[in-house]
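Listed here are the chains, written in short residue letters.
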Amino acid sequence: ATGQFVRYQRVPYQHWRVTPEFPEFEWRYMNEASSRMAALLTGEAQATALPRDLKGQAVNQGMKLMSGKVPSQRTFLSMQGLYLKDPAKPEQGLLYPDSPLHDIRVRKALNKAINRTEMNKSFYGGAAEMMYNNHFHPSRQAWNPDWEKRFPDAYGYDPEAAKKLLADAGYSAAKPLKTNMLMINLPDVAESADLQEAIAAYWKAIGVDVTLVQMDITTRQSRNRQRAFDNHFTVVGTSSHQLYGIFVYQVSFFATGSTGTYSKDIDAMWPPLARELDEKKQDVLYRQMGDALYDAYLGVPLFWLPAEAIVNPQYVADWTFPGSISGTWTHVEYMKAVTKDRKSTRLNSSH
């Protein structure tokens, strides 16, 4: 049912990978966290994603917290506007050559204006893991520990340094930097709107003129496809593999062209990395790509998040899942029913 739910039915035979214990599973679309909480507590849904404050309330009322086993879920800000007119013909130049986001001093200043430690404590109780280089993690391929060591100087919170960078780029109280924040409520990052508002406040504190843009999803997606955003930020939640994450968010080759960014050097690194199958050679290419991305400030790294779901323990006894596909939690076919009686029940999930 469009905009309401997607319902799956178990196959009537032994599936080659796993046969779910529940005969039906229904995803229900609920954008508001309060609505998902109410559905869970009233028995309308048996599993959902909730922000930190509501998770605690749900657990206190008998619900159970279950976590993914693989570090992959993360949130960050993506820049929009750093596009080529035609990725297949880079000689045609930039689509928005006057976008202030092309200036690395601006990109670095906006990163250094953010107090990530304070945000982690406020929104995640310190449970989120700091992101030092998007798409790269100590558990993933080609990790460089220098990224973490250099982070306080390169990205760390320093509003005075951020102001100086903006001044060096030609911005002042009389001529403030202007940018836009596309406000998005991500079900898989329940704190997304709060994160964006907090970041906008940090930017305003260093003199940036930030416009919070409210837009319905249909209009936003249409404008995305048209590459109509020239100086915008948007919050992202993903669990993508590092290669795919780089492809979508950091190079100009992505099919829609609305999420990638353009850098001549980084674009040149992509084809050899995408083609290489030898793991040792991949490591070298990944490290080169990671170093280049780190130094280019082509995004705003935020946090690696625990992939967590709240379930009703009267229905779901156990659930082992990686949490490594787009979304907060995955592999719902591995949910274990509490009793034989429950195995005949359709499981409802809100997200």
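Report on the accompanying structure. Only a predicted model underlies this, so the values are computations on that prediction, with no experimental measurement involved.

Some words on the pattern of salt bridges
Link 1 in the chain: In total, this model carries eight salt bridges according to the counting rule given.
Link 2 in the chain: Residue Arg-105 pairs with Asp-103 through a salt bridge whose shortest N-O separation is 2.8 Å.
Link 3 in the chain: One salt bridge connects Asp-295 with Arg-150, and the closest N-O pair in it is separated by 2.8 Å. Note that Asp-295 is positioned in helix H11 (residues 279-296) and Arg-150 in helix H5 (residues 146-154), a separation of 145 residues in sequence.
Link 4 in the chain: Overall, the relative accessible area of 37% leaves Arg-150 in the partly exposed class.

Regarding the sheet that holds strand S10 (residues 300-304)
Link 1 in the chain: Pairing in this open sheet of six strands is mixed, and the strands run S6-S10-S5-S9-S7-S8 from one edge to the other. Looking along the sheet, the strands with just one partner apiece sit at the ends: strand S6 (129-130) and strand S8 (209-213).
Link 2 in the chain: Of the pairings in the sheet, the one linking strand S5 (residues 74-80) to strand S9 (residues 232-238) comprises seven bridges and is antiparallel in character. Its bridge partner lying in S9, Gln-80 is registered against His-232.
Link 3 in the chain: Sitting on the sheet, helix H4 (residues 116-124) touches S5, S6 and S10, and the angle it makes with S10 is about 40 degrees.

Concerning the sheet that holds strand S11 (residues 308-311)
Link 1 in the chain: With mixed pairing, six strands are arranged side by side in an open sheet as S1-S2-S14-S3-S11-S4. Only two strands of the sheet have a single partner each, and these edge strands are strand S1 (5-9) and strand S4 (64-67).
Link 2 in the chain: Of the pairings in the sheet, the one linking strand S2 (residues 24-28) to strand S14 (residues 347-350) comprises four bridges and is parallel in character. Counterpart to Trp-27 in the pairing with S14 is Ser-349.

Focus on the pairing of S8
Link 1 in the chain: One ladder, built from five bridges, connects strand S7 (residues 178-182) with S8; its direction is parallel. Within S8, the residue paired with Met-181 across the bridge is Leu-212.
Link 2 in the chain: Chirality of the crossover, the property in question, places the unit of S7, helix H7 (residues 192-205) and S8 among those that are right-handed.

Comments concerning the packing of H5 against H11
Link 1 in the chain: At a minimum axis distance of 12 Å, the contact between H5 and H11 shows a crossing angle of 15 degrees. Viewed along their axes, H5 and H11 adopt a mutual orientation that is roughly parallel. Relative to H11, the crossing made by H5 is right-handed. Contacts from Trp-147, Arg-150, Phe-151 and Ala-154 of H5 reach H11 at Arg-287, Gly-290, Asp-291, Tyr-294 and Asp-295.

Observations regarding the packing of aromatic side chains
Link 1 in the chain: Evaluation of the coordinates by the stated rule reveals 17 aromatic pairs.
Link 2 in the chain: Aromatic side chains Tyr-244 and Phe-247 sit 6.2 Å apart centroid to centroid with 50 degrees between the ring planes, which places their arrangement in the tilted category. In this pair, Tyr-244 and Phe-247 are both assigned in helix H9 (residues 242-249), three residues apart and thus about one turn of the helix distant.
Link 3 in the chain: One residue, Lys-175, lies across the ring of Tyr-171, its end atom 5.5 Å from the ring centre.

As for the layout of surface pockets
Link 1 in the chain: Space inside the second largest pocket adds up to approximately 300 Å³.
Link 2 in the chain: Forming the boundary of the second largest pocket are 21 residues, of which Lys-55, Tyr-124, Glu-191, Pro-306 and Glu-308 lie nearest the centre.
Link 3 in the chain: Listed by contribution, the elements that provide at least two residues to the lining of the second largest pocket are helix H2 (52-60) and H4.
Link 4 in the chain: Of all the elements, H2 adds the most residues to the lining of the second largest pocket, at three residues.
Link 5 in the chain: For the lining of the second largest pocket, a count of residues per class yields 13 nonpolar, three polar and five charged.

Topic: empty space enclosed by the protein
Link 1 in the chain: One pass over the structure, following the stated rule, counts two cavities of 30 Å³ or more.
Link 2 in the chain: One number sums up the size of the largest cavity: a volume of about 140 Å³.
Link 3 in the chain: Every residue lining the largest cavity is counted, 17 residues in all, and those nearest its centre are Asn-134, Gln-250, Leu-298, Gly-299 and Pro-301.
Link 4 in the chain: No other element matches the three residues that S5 contributes to the lining of the largest cavity.
Link 5 in the chain: Of the residues in the lining of the largest cavity, the class split is 11 nonpolar, six polar and no charged.

What counts, and at which threshold
- Residues numbered from 1 in each chain as written.
- Predicted model: local features only at pLDDT ≥ 70, side-chain atom pairs only at ≥ 80, totals over all residues.
- Heavy atoms only, no water.
- Salt bridge = Lys/Arg side-chain N within 4 Å of Asp/Glu carboxyl O.
- Helix = DSSP H or I, 4+ residues; strand = E, 2+ residues; numbered from the N terminus.
- Buried < 20%, exposed > 50% of the residue type's maximum accessible area, 1.4 Å probe, protein only.
- Pairing = 2+ DSSP bridges.
- Contact = heavy atoms within 4.5 Å.
- Axes fitted to C-alpha atoms, helices over the stretch in contact; angles between N-to-C directions.
- Right-handed = clockwise from strand over helix to strand, strands pointing away.
- Parallel < 35°, antiparallel > 145°, perpendicular 65-115°, else oblique.
- Left-handed = near helix turned anticlockwise from the far one by under 90°.
- Phe/Tyr/Trp six-rings, centres within 6.5 Å; stacked < 30°, edge-to-face > 60°.
- Lys NZ or Arg CZ within 6 Å of the ring centre and 35° of its normal.
- 1 Å grid on protein atoms, 1.4 Å probe; cavity = no way out; pocket = protein on both sides within 12 Å on 5 of 7 lines; lining within 4 Å.
- Points joined across faces, edges and corners; volume = space filled by probe spheres on them.
- Nonpolar A, V, L, I, M, F, W, Y, C, P; charged D, E, K, R; others polar.

The analysis is restricted to geometry; functional conclusions fall outside its scope.
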